[in-house]
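Chains, contacts and geometry: an overview
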Amino acid sequence: MKILQLRRFVSTILVLAIVFTSFVGTQRVSAAWPEPVRGRHAMVASQHELASRIGAEIMKKGGNAVDAAIAVGLALAVVYPEAGNIGGGGFMLIRKADGSSYALDYREMAPAAASRDIFVDKDGKLINGEGSSTIGYRASGVPGTLAGFDLAFKKYGSGKIRWRDLVEPARALAQNGYVLSNRLAQLLKAYKDNLGKYADSKRIFLRDGDLYKEGEIFRQPDLAATLARIQTVGASEFYNGKTAQLIAADMKANNGLITLDDLKNYKAKERKPLTGSYRGYPIITMPPPSSGGIVMLQVLNMLEGFDVRSMQYNSAARYHLVAEAMRRAFADRAEFMGDPDFANVPTASLIAKDYAKSRAASIDPKRASDSKEIGHGVVASGEPMETTHYTVVDPQGTVVTNTYTINDLYGSAVTAKGTGVLLNDEMDDFAARPGKPNMFGLIQGERNSVQPGKRPLSSMTPTIVLRKDGSLWFALGARGGPRIISAVTQSVINVIDHDMNIQAAIDAPRIHHQWFPDELMYEPFGMSPDTLAVLTSYGHKYSARPGYVASATGIMIDTEGVRLGAIDSRSDGMAVGY
Ligand code: GLY
């Protein structure tokens, strides 16, 4: 009898242990979210299935992650025209399997004719419509995408795949077309007023008013012809060939700023990757002219002084803490950040752990600060001076994490005549009126004022996180203006502090705070009324409507080396691995 009781006791303990372990286990993998896509060798996570498949094919043919990233980027310019581009710019972060890492800056550049007050009228007010920094010919910076891809290809490509073979899938998609999704059909309709203002945009994207419907084939022959020239001549064709001439001629005819000389003078630049850590995990990210890396590291540094893990990811305490850290980091962004080739950006001081400690000292765990009273910090002086993201990991373990953009969806809405190339409105990422908000309500300072040849400050945050032994753990990035920084930062916290896998980390509801406007933004269905009530009692104010805080893609490597791909449930896309 006693033995039977003992057995029952033991089996009860076992069952309880299993239940408990599976509960803990369920929390750890966050089973409420889909599992990431698995690939034993390689993975591409991008915002369009066709682009991800193209990247995977390139790697199957012996290309590395850099080759694949270029082919994906070119394909997205065709199948994801609202953000994928050759008329914009961005940042590519590469980490090779040997541990070396590289940051490529192919951000757009202000044309030579641009000047500090170009976007304000004689009364000092922001110009609206044509002539503004957000729409039309003057809104575009000199595009950098092809120069960036060319640099990546020549320096970091495998050498096994020809340039022409990287361009071919995109060219063929533009020439032969692809089935238009409901999402793209709806988006084109939503942007018909802007696109309809410019003849080539109207013809190509709106079929001269006979709007495309879901399921129709969408062909872009002008873009196919441009890509064919770039395929044959090389990326330089965009900067000094027929494409350059077409862009410059259309600019001249429409009071735009970009000249043939601007295009000829554009250069992609290599920057030193920004490095930091969170709770001992090394982080590699993008330096200025993106603010993304600095702001993210500042927030993470401030959070290190708090027991975030015990707060749980969706508690009021944790949202409050993240919002307060972001409020402070964005105040610094406004004051200190800009193109480092033009302004003194005190990067090392801003990402120092001690500086974060002093910034975090004013955080009251139960009281929201007032942004009017939170200025920028005091840093050591004298120091030297709608976007899309995709991530690729190849069989050798090289990772590429790339964010590029034409800024607003469909950029400036201008398609340069005869090229099929949608141009960016990246000039709005400058401070058109230093100290006054831009289209994201973001305040920026003199260091980010318009100057010829300068690159506008970005929020793009392609990021790589390593395990403590230095091996690749995960890489990610996001689209969504300044909210990119919030999305990437909170995804990193979700993995490190809350043990989420990459899909759960990216999908979990998040918040955004950018100092001004002094509002905490939360997501639709993203916060319980109880949590909101607590945050309100702390004194937080909210944006008028909940809104999505960017959308991310990422890849995690598990301990067996399996590549786990994740696309944000907030947006389209597909991870493709093999
Ligand atoms: N255009 C958005 C960014 O660069 O942050």
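Anyway, here's the lowdown on the structure attached to this text. (Residues numbered from 1 in each chain as written. Predicted model: local features only at pLDDT ≥ 70, side-chain atom pairs only at ≥ 80, totals over all residues. Heavy atoms only, no water.)

**Describing the site of the ligand**
Around the ligand, the neighbouring residues are Arg107, Thr387, Asn407, Glu426, Asp429, Ser458, Ser459 and Met460. Between the ligand and aspartate 429, the relevant distance is 2.7 Å, taken from a nitrogen atom to a side-chain nitrogen or oxygen of the residue. Within the contact set of the ligand, an oxygen atom lies 2.7 Å away from a backbone nitrogen or oxygen of serine 459. Look at the ligand: alone it shows 200 Å² of surface, and the protein chains cover 98% of it. (Near = heavy atom within 4 Å. Polar contact = N/O pair within 3.5 Å; in protein donor to acceptor, adjacent residues only side chain to side chain. Areas by Shrake-Rupley, 256 points an atom, 1.4 Å probe, with all protein chains shown as cover.)

**A look at the nonpolar core**
Leu303, Phe474 and Val492 are the most contacted members of the largest nonpolar core, which has 92 residues in total. Counting residues per element, this core draws most heavily on helix H15 (residues 316–336), at 12 residues. For phenylalanine 474, the contacting residues outside a window of four places in its chain are Thr463, Ile464, Val465, Val492, Val495, Ile502, Ile555 and Met556. Core analysis: the second largest hydrophobic core is formed by 83 residues, Val44, Val66, Ala75 and Ile161 among them. (Core = buried A, V, L, I, M, F, W, Y, C linked by side-chain atoms within 4.5 Å. Buried < 20%, exposed > 50% of the residue type's maximum accessible area, 1.4 Å probe, protein only. Helix = DSSP H or I, 4+ residues; strand = E, 2+ residues; numbered from the N terminus. Contact = heavy atoms within 4.5 Å.)

**Comments concerning the environment of arginine 359**
Looking at the element boundaries, arginine 359 is found in helix H17 (residues 353–360). On the accessibility criterion, arginine 359 (10% relative accessible area) is buried. C-alpha of arginine 359 to C-alpha of glycine 89: the two residues are 270 residues apart in sequence and 33 Å apart in space. Excluding residues within four positions of it along the chain, arginine 359 makes contact with Met302, Arg328, Ala331, Asp332, Ile374, Gly375, His376 and Gly377. Of note is the side chain of arginine 359, whose polar atom sits 3.2 Å from the side chain of aspartate 332.

**A look at the packing of aromatic side chains**
Inspection of every chain in the model, using the stated rule, returns 18 aromatic pairs. Ring geometry for tyrosine 106 versus phenylalanine 149: centroids 5.7 Å apart, planes at 65 degrees, classification edge-to-face. Here tyrosine 106, found in strand S4 (residues 101–106), pairs with phenylalanine 149, found in helix H4 (residues 145–156); they are 43 residues apart in sequence, far enough to count as distant. Overall, the relative accessible area of 0% leaves tyrosine 106 in the buried class. Between phenylalanine 149 and tyrosine 404, the ring centres sit 6.0 Å apart and the planes meet at 40 degrees, which makes this aromatic pair tilted. Of the two residues, phenylalanine 149 and tyrosine 404, both sit in the buried class. Among the aromatic residues, ring-to-ring pairing joins Tyr178, Tyr191, Phe205, Tyr212, Phe218 and Tyr410 into one connected group. Looking at arginine 207, its charged tip hangs above the ring of tyrosine 212, at a distance of 4.3 Å from the centre. (Phe/Tyr/Trp six-rings, centres within 6.5 Å; stacked < 30°, edge-to-face > 60°. Lys NZ or Arg CZ within 6 Å of the ring centre and 35° of its normal.)

**Some remarks on the pairing of strand S2 (residues 43–46)**
Burial along S2 is two-sided: the residues Met43 and Ala45 and Val44 and Ser46 are all buried. Inspection of the sheet shows S2 paired to strand S10 (residues 388–393) by three bridges, in the antiparallel sense. When the sheet's bridge partners are listed, alanine 45 is paired in S10 with threonine 391. When S2 meets strand S18 (residues 574–577), the two strands line up antiparallel, connected through four bridges. Counterpart to valine 44 in the pairing with S18 is valine 576. (Pairing = 2+ DSSP bridges.)

**Remarks on the environment of arginine 164**
Along the chain, arginine 164 falls in helix H5 (residues 163–176). Given a relative accessible area of 43%, arginine 164 falls into the partly exposed group. Taking C-alpha positions, arginine 164 is 4.8 Å from glutamine 231, a pair spaced 67 residues apart along the chain.

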